[in-house]
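Report on the structure
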Amino acid sequence: MKYILFFLFFIGLAGISLGQGGLPPSFFEGKSVVVISTDPGARPVLSWQELADSVHTYLVQAGADPIAYFELEQVALSEARQADYAKAFLQRQVKNVILVTRQKEKLSIHVGPFSGDGKIIASPALFGVSGKDWIEAGGLLQELGKTTKSKNLLVLDVAEFPQISSQETAQSVQKFIPRNPLNLEVFKLGIPLEGSSAETGAMSYFRYDLFGKSEATILAEQATQKTQIQGILESLYPYQIEWLTEAKTTQQLIADRVQFILVKVEGRQADLMKSMGLEPLTGEDGSKTVVKYYIRFLVRDELYIGPDWDANPDWREALTRFLENLKK
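Residues numbered from 1 in each chain as written. Predicted model: local features only at pLDDT ≥ 70, side-chain atom pairs only at ≥ 80, totals over all residues. Heavy atoms only, no water.

**Section: helix H11 (residues 315-325)**
Along H11, the positions that sit buried rather than exposed are Trp 315, Ala 318, Leu 319, Thr 320, Phe 322, Leu 323 and Asn 325. Backbone nitrogen of Arg 316 and a side-chain oxygen of the N-cap are separated by 2.8 Å at the start of H11; the cap is Asp 314. (Buried < 20%, exposed > 50% of the residue type's maximum accessible area, 1.4 Å probe, protein only. Helix = DSSP H or I, 4+ residues; strand = E, 2+ residues; numbered from the N terminus. Polar contact = N/O pair within 3.5 Å; in protein donor to acceptor, adjacent residues only side chain to side chain.)

Below, the structure written as structure tokens:
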């Protein structure tokens, strides 16, 4: 945990971060997917697709073969959704993942090998460059790419934004169950703290609102969050819980009698509902950003979203509603 937090602080300061010593060889001889997270408050205002169009030329000139662009917040919407994207990447024979993070003061580009599984990247310790914008960061990557002759010859002239088909995502949709789990009183409910390696996979470390945070900031936010969650749980959840701050395998958790995990996801309401197999809301309600909680049953890998839709823009209200619905 400390190593990851230190790394996040380090890459927030450096123009070039050497997580793996340099660009992976597969960057110059294999397909890449590009995953983008952009701060809506950054100026000039650019959608993630417009940013993809802007950065595409630099990636190609650096030697990459970027075959598809996606929004990070969509890819990492949930564990199940992330696994769906990973399966699609496997089918397309993807070798690399390029992560572009745009914040108000800088833009960072990181490159790593595709893990081949649902994690998408094995670690946040990736080679990367940073600059004040895509021109500066892209220029740095372009210069570094000149040191190796690329074997990627037939590359796309413009950025492409393919959709993951419903057939590819069907498996995860079926896993979401619109009712409450049984036996909550028998086993512990694990509660990961945000920003910890237990709460999020390596992909989410490159979200614009998480990238580069110092260890002190993350720990302070976790302490505040734990106090707030504990206050809600004490009045609404009468069963055993266990706080999770470090990543553990499913087998380790089950051995500790943790068979349930409280999962928090955040995204556009319509996107979340669709990903969970529900009819999405439209208009303003569908486009608002909300928090949704659900419970993952580790033994069967089932995801229980509860009998009623209880997402809310305020995570405290969303958690309160979810716990109240557990009584139904």
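The structure having been displayed, the exposition proceeds.
**Topic: the pattern of salt bridges**
Taken as a whole and judged by the stated rule, the model has 13 salt bridges. One salt bridge in this structure joins Lys 328 and Asp 308, with 2.5 Å as the shortest N-O distance. Of this pair, Lys 328 sits in the segment after H11 while Asp 308 sits in the loop between strand E12 (302-304) and H11; the two residues are 20 residues apart in sequence, bridging distant segments of the chain. A relative accessible area of 33% places Asp 308 in the partly exposed class. Several salt bridges share partner residues, and in doing so they unite Glu 71, Arg 268 and Asp 271 into one network. (Salt bridge = Lys/Arg side-chain N within 4 Å of Asp/Glu carboxyl O.)

**Focus on the confidence of the model for the protein**
Per-residue confidence for the protein gives a mean pLDDT of 86; residues scoring 70 or more make up 88%. Mean pLDDT values for the elements of the protein range from 37 in helix H1 (residues 2-13) up to 98 in strand E4 (residues 94-102). Scored below 50 in pLDDT, residues 1-14 shows 36 contacts in the model against residues more than four places distant or in partner chains. (pLDDT = per-residue confidence, 0-100. Contact = heavy atoms within 4.5 Å.)

**Thoughts on the sheet that holds strand E7 (residues 176-177)**
Strands sit in the order E7-E12-E11-E10-E8-E9 across an open sheet of six strands; the sheet is mixed. Strands with a single pairing partner mark the edges of an open sheet, and in this sheet they are E7 and strand E9 (241-244). In this sheet, strand E11 (residues 289-297) lies alongside strand E10 (residues 258-268) in antiparallel orientation, the contact comprising nine bridges. Bridge pairing in E11 places Glu 266 opposite Val 291. Against the sheet, H11 makes contact with E10, E11 and E12, and its axis sits at roughly 40 degrees relative to E11, the strand it touches most. (Pairing = 2+ DSSP bridges. Axes fitted to C-alpha atoms, helices over the stretch in contact; angles between N-to-C directions.)

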